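What follows is the residue order along each chain.
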Number of protein chains: 2
Amino acid sequence: MNRPAPRRRPGRPAKADAGDTKAELLRAALTLFARHGYAGTSVRAIAREVGLSESVLYAHFPGKQAIFEAALALGGPHITVAAIAGLDATPAGSPAAYVRDLAAAVLDAWDTPEGRRLASLAARDGLMHDPALADAIDASLEHLAGVFRRWLDDGLIRDDLGDADDLAYALLSPIAHARVLWLHDDATPAQRDKARERALRHADLFARAVTPPAARG
Amino acid sequence: MNRPAPRRRPGRPAKADAGDTKAELLRAALTLFARHGYAGTSVRAIAREVGLSESVLYAHFPGKQAIFEAALALGGPHITVAAIAGLDATPAGSPAAYVRDLAAAVLDAWDTPEGRRLASLAARDGLMHDPALADAIDASLEHLAGVFRRWLDDGLIRDDLGDADDLAYALLSPIAHARVLWLHDDATPAQRDKARERALRHADLFARAVTPPAARG
DNA sequence: ATTATCTATAGATCTATAGATAATGC
DNA sequence: ATTATCTATAGATCTATAGATAATGC
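For clarity, every value in this text was computed on a predicted model and none was experimentally measured.

**A short note on the packing of aromatic side chains**
Counted under the stated rule, the structure contains 14 aromatic pairs over all chains. Ring geometry for Y38(B) against F68(B): centres 5.2 Å apart, planes inclined by 85 degrees, an arrangement best described as edge-to-face. Placement of Y38(B) in the loop between α1 (21-36) and α2 (43-49) and of F68(B) in helix α4 (residues 64-73) is noted, with a sequence separation of 30 residues between them. The exposure class of Y38(B) is partly exposed, given its relative accessible area of 21%. Classification of F68(B) by relative accessible area gives buried; the value is 7%. Lying over the aromatic face of F61(A), K22(A) brings its terminal NZ or CZ to 5.2 Å of the ring centre. Across from the ring centre of Y38(B), 4.3 Å away, lies the NZ or CZ of K64(B), which sits over that ring.

Below is the structure:
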């Protein structure tokens, strides 16, 4: 992806040549960690990716673990939480419209270069098993369950399928699973299309399933 | 987990001491690869785990990559395909019963020490992105869609929610997602219970959702 | 003087191989 | 003689640090 980049001579580079080294290192780190995992990515490889000597990395970060954590923080799970929380769930819009909007919003948040890299990173280095990520997932499910709870109280959706938590899981997990399977860092464009289509079709199916008989044409 | 195991003296060990070294190596390899990934697991660590010198590994396998592949083959995705294909999907049992049986069957296949290790392994080393795994997932979805197609033709389930493929994804992906989140190698017993509960509750919800109005009490 | 880079290197670890050693099975 | 292990080691990494070098900004 990056030209091998000629080595610089010793000494501080002229202002014209100086990019934002720290940001470039982080970007390269995220790319490589996502592709090869923590253990499979050397400090050397990160430095080479941005065309610098490896020792420069220690001028910007205390060590490898610190780079990893900084790269991770670039786009943590809060992105998903924010995408869901930012939606309008007032009774003004119909439940069906909200469900479709939600699927579209999280897909947009996830299907970006950084979002895809983070999906790979989370899988590769066991962050899927990380308490911080688990909390974020629970928070998203809980938020959605709260929306469903209101709708159940208001009789806007069927109440004989399951409780609000079950409904939240039934809607979100197929969308999240599409991310795991087809929205990772080395997904092909065809796979990404498949993820979007599967997720959006699922949102439609879910919307139809929760619509009460009375409200159906 | 394993006692550090005292080093043997040089020379072929007496028959009494000789275990099935190759099998022990594979077991240790699967455990460590699942826990730390391919790059994070050294040949040395595998050998130490079974209490042998690292060079013994090269007597049984051509190299590290070969051990990895052999460990992987221990319990590939065919387990899931077999669990689903082994179910009785004749109209004799009701769709609702089949759906619940399917969830229970795949959970049983996945919630074993080896099954959990493979879930971690697949995530850690990008096998989630592997064509072989993708094919296995498609095969499972396709098999299930075939079952649904028959039921749709026979009017046993609602035909206004989505087509057979959509229904298959709506049932399977939440169960598979429970595996990804809570049935991996370092899942706690509480997480494993959560996985089972979530998956089984989802199967129930799905069964209720696809039951046609006419068939409901 | 400070900052941002480099070169060189220490010391740890990794994969893999060569060759020694001792029990087994013919 | 063959098999299953060991010890020792080569050669390639890897992380991290020390110290040189040259532009910047006061």
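**Let's talk about the protein's contact with DNA strand D**
Neighbouring DNA strand D are 29 residues, the closest being R9(A), K15(A), R44(A), Y58(A) and S53(B). When the atoms of DNA strand D within 4 Å of the protein are grouped by moiety, sugar and phosphate amount to 65% of the total. Between DNA strand D and K64(A) there is a distance of 3.0 Å, counted from a phosphate oxygen to a backbone nitrogen or oxygen. Here a phosphate oxygen of DNA strand D sits 3.0 Å away from a polar atom, N or O, in the side chain of T21(B). Among the secondary structure elements, those contributing two or more residues to the surface near DNA strand D are α2 (43-49) of chain A together with α3 (57-60) of chain B.

**Some points on the pattern of salt bridges**
Residues and elements named next belong to chain A. Within the structure shown, the criterion is met by 30 salt bridges over all chains. The salt bridge involving R117 is made with D185; its shortest N-O contact spans 3.6 Å. Taken together, the residues R117 in helix α7 (residues 113-124) and D185 in the loop between α9 (164-182) and α10 (189-210) connect sequence positions 68 residues apart. A residue is classified by how much of its surface remains accessible, and R117, at 17% relative accessible area, is buried. For D185, a relative accessible area of 15% translates into the label buried. The partner of D160 in a salt bridge is R158, and the shortest N-O contact between them spans 2.9 Å. The exposure class of D160 is partly exposed, given its relative accessible area of 33%. Taking relative accessible area as the criterion, R158 reaches 3% and is therefore assigned buried. One network of salt bridges, in which partners are shared, links D108, D111, R116, R192 and R196.

**What about the packing of helix α5 (residues 78-85) of chain B against helix α6 (residues 95-110) of chain B?**
Residue and element names in this part refer to chain B. Between α5 and α6, whose axes approach to 9 Å, the crossing angle comes to 150 degrees. It follows that α5 is roughly antiparallel to α6 by the angle criterion. Where α5 crosses over α6, the handedness of that crossing is right-handed. Residues I79, T80, A83 and I84 of α5 pack against Y98, L102, A105, V106, A109 and W110 of α6.

**Some points on α10(A)**
Here α10(A) contains 22 residues, and its C-alpha end-to-end distance of 32 Å stays within 8% of the 32 Å for a straight helix at 1.5 Å per residue. Taken as a whole, α10(A) has its buried residues at A195(A), R198(A), A199(A), H202(A), A203(A), L205(A), F206(A), A207(A), A209(A) and V210(A). Structurally, α10(A) contributes buried residues whose contacts are with α6 (95-110), α8 (131-153) and α9 of chain A together with α9 (164-182) and α10 (189-210) of chain B.

**Focus on the domain arrangement of chain A**
Residues and elements named next belong to chain A. For chain A, the assigned domains read domain 1 (15-72) and domain 2 (76-215). Of the residues lining the interface, 10 residues belong to domain 1; the matching set on domain 2 comes to 10 residues. The largest contributions to the domain 1 side of the interface with domain 2 come from L30, A34 and L72, which together make up 55% of the buried area. The interface formed by domain 1 and domain 2 includes one salt bridge. A salt bridge links D185 to R35; its shortest N-O distance comes to 3.7 Å. Put simply, domain 1 and domain 2 have three residue pairs in polar contact (both at pLDDT 80 or more) between them. Within the residue set of the side of domain 1 that touches domain 2, elements represented by two or more residues are α1 (21-36) and α4 (64-73). Per element, the largest residue contribution to the side of domain 1 that touches domain 2 is six residues, and it comes from α1. Its residues assigned to classes, the side of domain 1 that touches domain 2 comprises six nonpolar, three polar and one charged.

**Let's talk about the nonpolar core**
The biggest cluster of nonpolar side chains holds 128 residues, and the ones touching the most others in it are F148(A), L167(A), F148(B) and L167(B). Contact partners of L167(B), with chain neighbours within four places excluded, come to L205(A), F148(B), L152(B), I157(B), L161(B), G162(B), F206(B) and V210(B).

**Points about the protein's contact with DNA strand C**
Around DNA strand C sit 29 residues in total, of which S53(A), R9(B), V43(B), R44(B) and Y58(B) are the nearest. R12(B) places a main-chain nitrogen or oxygen 3.0 Å from a sugar or linking oxygen of DNA strand C. In this structure, a phosphate oxygen belonging to DNA strand C sits 3.0 Å away from a side-chain N or O atom of K64(B). A per-class count over the surface near DNA strand C returns nine nonpolar, 10 polar and 10 charged.

Cut-offs and rules
Residues numbered from 1 in each chain as written. Chains lettered and ligands numbered in written order. Predicted model: local features only at pLDDT ≥ 70, side-chain atom pairs only at ≥ 80, totals over all residues. Heavy atoms only, no water. Phe/Tyr/Trp six-rings, centres within 6.5 Å; stacked < 30°, edge-to-face > 60°. Helix = DSSP H or I, 4+ residues; strand = E, 2+ residues; numbered from the N terminus. Buried < 20%, exposed > 50% of the residue type's maximum accessible area, 1.4 Å probe, protein only. Lys NZ or Arg CZ within 6 Å of the ring centre and 35° of its normal. Near = heavy atom within 4 Å. Polar contact = N/O pair within 3.5 Å; in protein donor to acceptor, adjacent residues only side chain to side chain. Salt bridge = Lys/Arg side-chain N within 4 Å of Asp/Glu carboxyl O. Axes fitted to C-alpha atoms, helices over the stretch in contact; angles between N-to-C directions. Parallel < 35°, antiparallel > 145°, perpendicular 65-115°, else oblique. Left-handed = near helix turned anticlockwise from the far one by under 90°. Contact = heavy atoms within 4.5 Å. Expected span 1.5 Å × (residues − 1). Domains from an automatic or database assignment. Buried area = accessible area lost by both parts, 1.4 Å probe. Nonpolar A, V, L, I, M, F, W, Y, C, P; charged D, E, K, R; others polar. Core = buried A, V, L, I, M, F, W, Y, C linked by side-chain atoms within 4.5 Å.

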